[in-house]
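Fold and geometry: a report
These are the residues of each chain, in order.
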Amino acid sequence: MRQDSKLSGVLHVLLHMAQRDAPATSEMLARAMQTNPVVIRQIMAGLRERGYVRSEKGHGGGWTLACDLSTLTLRDVYEALGEPSLLAMGNRTEAPGCLVEQAVNAALGRAFDEAEAMLLSRFASVTLAQLRDDFQNRLAGRRRSYDLEAVHAG
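The structure presented is a predicted model; accordingly, all values stated were derived computationally and were not measured. (Residues numbered from 1 in each chain as written. Predicted model: local features only at pLDDT ≥ 70, side-chain atom pairs only at ≥ 80, totals over all residues. Heavy atoms only, no water.)

Once that is clear, we can look at the environment of Leu87. Turning to its location among the elements, Leu87 is positioned in the loop between α4 (74-80) and α5 (99-124). For the pair Leu87 and Asp113, spaced 26 residues apart in the sequence, the C-alpha separation amounts to 9.9 Å. (Helix = DSSP H or I, 4+ residues; strand = E, 2+ residues; numbered from the N terminus.)

Have a look at this one:
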């Protein structure tokens with residue numbers, strides 16, 4: 001079963017945009033997400049409607065962040081994407097006549113609802129600033145590791 005990676009991809013490009021001093025074109029972002037620029041424009045439109053990004057047309061134009069990453073959460077981005085399904089599993093049939101299947105659906109439905117609520121709660125507690133800081137710490141760690149390797153090699 002194919003996983004929906006749109007949220008992951010959008011978070012990826014938003015963090016790359018945060019590192020840039022210049023606008024990012026749809027073509028540039030499409031290469032990063034390995035998709036078509038039209039898909040990027042559709043995705044970014046939902047983010048623009050909520051005020052998270054803005055776009056400039058013409059030479060030197062493109063997409064830029066329009067909000068503080070410390071106020072933008074994973075849940076905000078998820079909702080701007082149209083709240084895609086979080087779980088790949090589901091019931092075999094939605095309105096079964098079989099009482100056994102009704103019992104199965106009720107138990108699974110409660111579990112799915114609880115899992116989704118927990119995940120959305122977690123999404124709401126993670127900001128893009130936290131992701132940016134994690135990236136910067138990883139980058140600094142890689143640089144320290146490289147510096148140590150260079151010292152030992154020399």
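Taken residue by residue, helix α2 (residues 26-33) has Ser26, Leu29, Ala30 and Met33 as its buried positions. When α2 is viewed along its axis, its buried side chains cluster within an angular range of 105° and face the same direction. Each element contacted by the buried residues of α2 is listed here: α1 (6-19), α3 (37-49) and β2 (62-65). Immediately beyond the C-terminal end of α2, within one or two residues, lies Gln34, with a positive phi of roughly 55°. (Buried < 20%, exposed > 50% of the residue type's maximum accessible area, 1.4 Å probe, protein only. Arc of directions from axis to C-beta. Contact = heavy atoms within 4.5 Å.)

A separate point is the pairing of β2. Pairing between strand β1 (residues 53-56) and β2: 4 bridges, direction antiparallel. Within the sheet, the bridge partner assigned to Val53 lies in β2 and is Leu65. Joining the antiparallel neighbours β1 and β2 is a turn of 5 residues, in which Gly58 adopts a positive phi near 90°. (Pairing = 2+ DSSP bridges.)

Under the definition given, this model contains 6 salt bridges. Across the salt bridge formed by Glu27 and Arg41, the nearest N and O atoms sit 3.8 Å from each other. Here Glu27, found in helix α2, pairs with Arg41, found in helix α3; they are 14 residues apart in sequence, far enough to count as distant. What makes Glu27 partly exposed here is its relative accessible area of 40%. Glu79 is paired through a salt bridge with Arg75; the nearest N and O atoms lie 2.9 Å apart. Here Arg75 and Glu79 lie together in helix α4, a separation of 4 residues that amounts to about one turn. (Salt bridge = Lys/Arg side-chain N within 4 Å of Asp/Glu carboxyl O.)

Another aspect to go through is α3. Across its 13 residues, α3 extends 18 Å between first and last C-alpha, which sits within 8% of the 18 Å expected from 1.5 Å per residue. For α3, the N-terminal cap is Asn36; the gap from its side-chain oxygen to the backbone nitrogen of Val38 is 2.8 Å. Trailing α3 by a residue or two, Gly51 shows a phi angle of about 80°, which is positive. (Expected span 1.5 Å × (residues − 1). Polar contact = N/O pair within 3.5 Å; in protein donor to acceptor, adjacent residues only side chain to side chain.)

What follows covers the environment of Glu116. When you line up the elements, Glu116 lands in helix α5. Look at Glu116 and you get partly exposed, because its relative accessible area is 33%. Sequence separation between Glu116 and Arg31 is 85 residues, and the spatial gap between their C-alpha atoms is 31 Å.

Within the secondary structure, Lys57 sits in the loop between β1 and β2. With a relative accessible area of 82%, Lys57 lands in the exposed category. Along the primary structure Lys57 and Thr25 are separated by 32 residues, whereas in three dimensions their C-alpha atoms are 9.5 Å apart.

On their own, these measurements won't tell you what the molecule is for.
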